[in-house]
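# Remarks on the overall topology
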Amino acid sequence: MNRTTLSLIAGTTALAAVTGFAALSQPDTPSTDTAAKAAAQLPVERTSLLCPAPSTSDLAETSYTSFTPVTKGTGSGGKAELRAATGESADPSADGKDEGTGKDGGKSGKDKPAKPVLTPEEPGKPVTGDSSGGDAPAFVGTADGRFAPGWTVQETTEVAAGTGRGLQGVNCTAPDTDFWFPGVSTDADRTDYVHLTNPDDSAAVVDIELYGKDGALKSAVGEGITVQPHSSEPVLLSTLTDERQTDLTVHVNVRSGRVGAAVQALDDKLGGDWLAASTDPSGSLVLPGIPKDATSVRLVAFTPGDADADLKVRLASPSGLITPAGHETVHVKGGMTTAVDLGDVTRGEAGSLVLSPTDRSVPVVAALRVVRGKGGKQETAFIPAARPVGTRATSADNSGKGSTLSLTAPGAAATVKVTASAGSEGGTPVSKTYTIKAGTTQDIEPPVPGGLKGTYALTVEPVSGGPVYGARTLTASEGGVPAFTVQTLPDDRGTVAVPDAVEDLSVLQK
């Protein structure tokens, strides 16, 4: 499979941020005696993506895939592009005097900004790129017009040897101001970085808080971290505290500005992967897509408040919801990180973990550390608690082999349509419909475009029934090690609800 090689200044790792808006307005206070029309779902007009630097290893081989699904009502204009996060403004007319210089080896803001990369020509067809070695920078991306709704960028890195060896993958995600990462570690065998990427023209100020088994860890150097404009800052967690703990929760709180955030968790013995942020704290959580051949699954949970949480633990298997023997419930103390080893909980079948309150609902965040393989040939990936697929979700980087799509309907049964896009170098899109029974997880072999050449995207759209959660597992063989990475499939936020304008203009005069 041929891919366009990216220059080092445009080298691509993906931590992405998706934000959208629709440029419509409405009266501030419509009259209560005027019947309000139902809000219309319109395509977003602009989306931002933030991509972290993929690796510092000279053996790293990174591929990137950019894709926008076809969306009705978007018109014919627009573009999507990534630029290296080197502290330079994306605006060529900017003089850069107030710009900072990132740690990615970028030049000062007075130089011309990096050329954009991964610029697709049309929605519905992926575009790909490659980067080798450990010098690839982080990226800041924007898409507008017909390329904005559902824009997805996937970064996948293969590391042949050393700390973190194996397959590492991350979806580019939306900039935000609040992130929770249960499952990080400061153990001697672990090297965990929080990557912070700032897409804006002003500096962002960030606090990083650590919570262990006994509560908050003291860390003065985790406060007031400055991330310069259009730059990325990797923060090594072990430099923030002297305490060595196996299971920690990281809270990234942005005081000013906004950032994209992701954790790169590297293990000397068990490989490594990216840990994406857990969904917002909630009383009930779904962690979808545990590989059926997982040899070890570890649940890490945290509740941000003072109240304790008691959670019912269930596995959504192919035959229905079951309770793992010996792990019927888990007690999470307020403000403290709790970890539970679930062993080979899937026992050779597809599975997703479903957490729900036993009594009172207390907001919780959670993630799974999943291990495949045995002995010296083990590999690790992470599955955070996820949002449901919602209207639509996309996995951008797939090939003819090695991809598994896992879909879960924890409540009512659901019907979903899965579309395989055209290939990056040729192929015809194809769609299939699947029914997911209530309380089950189904691993499906995804459809493949006819005459596939290159890489393709998978788009999941619920048709009817209850909420659906999804994850895509990508596998590869690295010297006998069962390398893999898992990305959850939350709603792509490609549309926004916009109320219709009030027809009776007299209400504006009241």
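It is worth spelling out the nonpolar core at this point. Counting 29 residues, the largest nonpolar core has Leu287, Ile290, Leu353, Leu355 and Leu368 as the members making the most contacts within it. Examining the composition of this core, we find that four residues originate from one element, strand β21 (residues 309-317), more than from any other. Beyond its immediate stretch of four places on either side in the chain, Ile290 contacts Val297, Leu315, Thr346, Ala350, Gly351, Ser352, Leu353, Leu368 and Ile383. In this structure, Leu196, Leu217, Leu248 and Leu275 belong to the second largest nonpolar core, which totals 26 residues.

Now for the layout of surface pockets. Space inside the largest pocket adds up to approximately 820 Å³. What lines the largest pocket is a set of 38 residues, among which Thr173, Ala174, Ala277, Arg387 and Pro490 lie closest to the centre. Taken together, the elements giving at least two residues each to the lining of the largest pocket come down to β9 (166-171), β10 (178-184), β17 (260-267), β27 (377-384), β28 (393-398) and β37 (481-488). Residues belonging to the lining of the largest pocket are distributed by class as follows: 22 nonpolar, nine polar and seven charged.

Time to look at the pattern of salt bridges. In this structure the tally under the stated criterion is 12 salt bridges. A salt bridge links Arg165 to Glu379; the nearest nitrogen and oxygen atoms lie 4.0 Å apart. Residue Arg165 is located in the loop between β8 (152-159) and β9, and its partner Glu379 is located in strand β27; the two are separated by 214 residues in the primary sequence. Among the residues examined, Arg165 registers a relative accessible area of 12% and is labelled buried. A relative accessible area of 0% means that Glu379 is categorised as buried. In this structure, Arg298 engages Asp341 in a salt bridge whose closest nitrogen and oxygen atoms are separated by 2.6 Å. One end of the pair, Arg298, is in strand β20 (residues 296-302); the other, Asp341, is in strand β24 (residues 337-343), with 43 residues separating them in the sequence. Where salt bridges share partners, they join Asp247, Arg298 and Asp341 into one cluster.

Turning our attention to the packing of aromatic side chains. In total, this model carries four aromatic pairs according to the counting rule given. When the ring of Trp180 is compared with that of Tyr211, the centres are 6.4 Å apart and the planes differ by 40°; the resulting orientation is tilted. Separated by 31 residues along the polypeptide, Trp180 in strand β10 and Tyr211 in strand β12 (residues 204-212) bring together distant segments of the chain. Classification of Tyr211 by relative accessible area gives buried; the value is 17%. Here Tyr211 and Phe302 contribute two aromatic rings whose centre-to-centre distance is 4.8 Å and whose plane-to-plane angle is 40°, an arrangement assigned as tilted. Here Phe302 lies in strand β20 and Tyr211 lies in strand β12, a separation of 91 residues in the sequence. For the pair Tyr211 and Phe302, a shared accessibility class is recorded, and that class is buried. One residue, Arg372, lies across the ring of Phe484, its end atom 5.2 Å from the ring centre.

Overall, antiparallel pairing links the four strands, which are arranged β15-β11-β17-β18 in an open sheet. Two strands bound the open sheet, and with one partner strand each, they are β15 (231-236) and β18 (271-275). Taken over all neighbouring pairs, the strand axes of this sheet differ in orientation by 20° on average, direction set aside. Relative to β18, β17 runs antiparallel, the two sharing five bridges. Bridging across to β18, Val263 finds its partner in Leu275.

Under the counting rule described, the total for this entry stands at one cavity of 30 Å³ or more. In this structure, the largest cavity encloses a volume near 40 Å³. Contributing to the lining of the largest cavity are Arg190, Ala265, Leu266, Asp267, Leu270, Gly271, Gly272, Arg369, Thr380 and Phe382. Of all the elements in the fold, those that place two or more residues in the lining of the largest cavity are β17, β18 and β27. Of the residues forming the lining of the largest cavity, the biggest block, three residues, is contributed by β17.

Should pLDDT be low for a region, the predicted coordinates there are not to be read in detail. For the protein chain, the average pLDDT comes to 87, and 85% of its residues sit at 70 or higher. Low pLDDT, under 50, characterises residues 7-36; the stretch is placed with 116 contacts to residues that sit more than four places away or in other chains. The low-confidence segment residues 92-110, where pLDDT is below 50, has 36 contacts with residues more than four positions distant or belonging to other chains.

Turning next to the sheet that holds strand β35 (residues 456-465). In spatial order, the strands read β28-β35-β30-β32; together these four strands make up an open sheet with antiparallel pairing. At either margin of the open sheet sits one strand with a lone partner, and together these are β28 and β32 (430-436). Here the strands of the sheet are splayed against their neighbours by 25° on average, with no regard to which way each runs. Pairing analysis gives seven bridges linking strand β30 (residues 414-420) to β32, with the strands arranged antiparallel. Its bridge partner being in β32, Ala414 is matched across the sheet by Ile436.

About the criteria used
- Residues numbered from 1 in each chain as written.
- Predicted model: local features only at pLDDT ≥ 70, side-chain atom pairs only at ≥ 80, totals over all residues.
- Heavy atoms only, no water.
- Core = buried A, V, L, I, M, F, W, Y, C linked by side-chain atoms within 4.5 Å.
- Buried < 20%, exposed > 50% of the residue type's maximum accessible area, 1.4 Å probe, protein only.
- Helix = DSSP H or I, 4+ residues; strand = E, 2+ residues; numbered from the N terminus.
- Contact = heavy atoms within 4.5 Å.
- 1 Å grid on protein atoms, 1.4 Å probe; cavity = no way out; pocket = protein on both sides within 12 Å on 5 of 7 lines; lining within 4 Å.
- Points joined across faces, edges and corners; volume = space filled by probe spheres on them.
- Nonpolar A, V, L, I, M, F, W, Y, C, P; charged D, E, K, R; others polar.
- Salt bridge = Lys/Arg side-chain N within 4 Å of Asp/Glu carboxyl O.
- Phe/Tyr/Trp six-rings, centres within 6.5 Å; stacked < 30°, edge-to-face > 60°.
- Lys NZ or Arg CZ within 6 Å of the ring centre and 35° of its normal.
- Pairing = 2+ DSSP bridges.
- Axes fitted to C-alpha atoms, helices over the stretch in contact; angles between N-to-C directions.
- pLDDT = per-residue confidence, 0-100.

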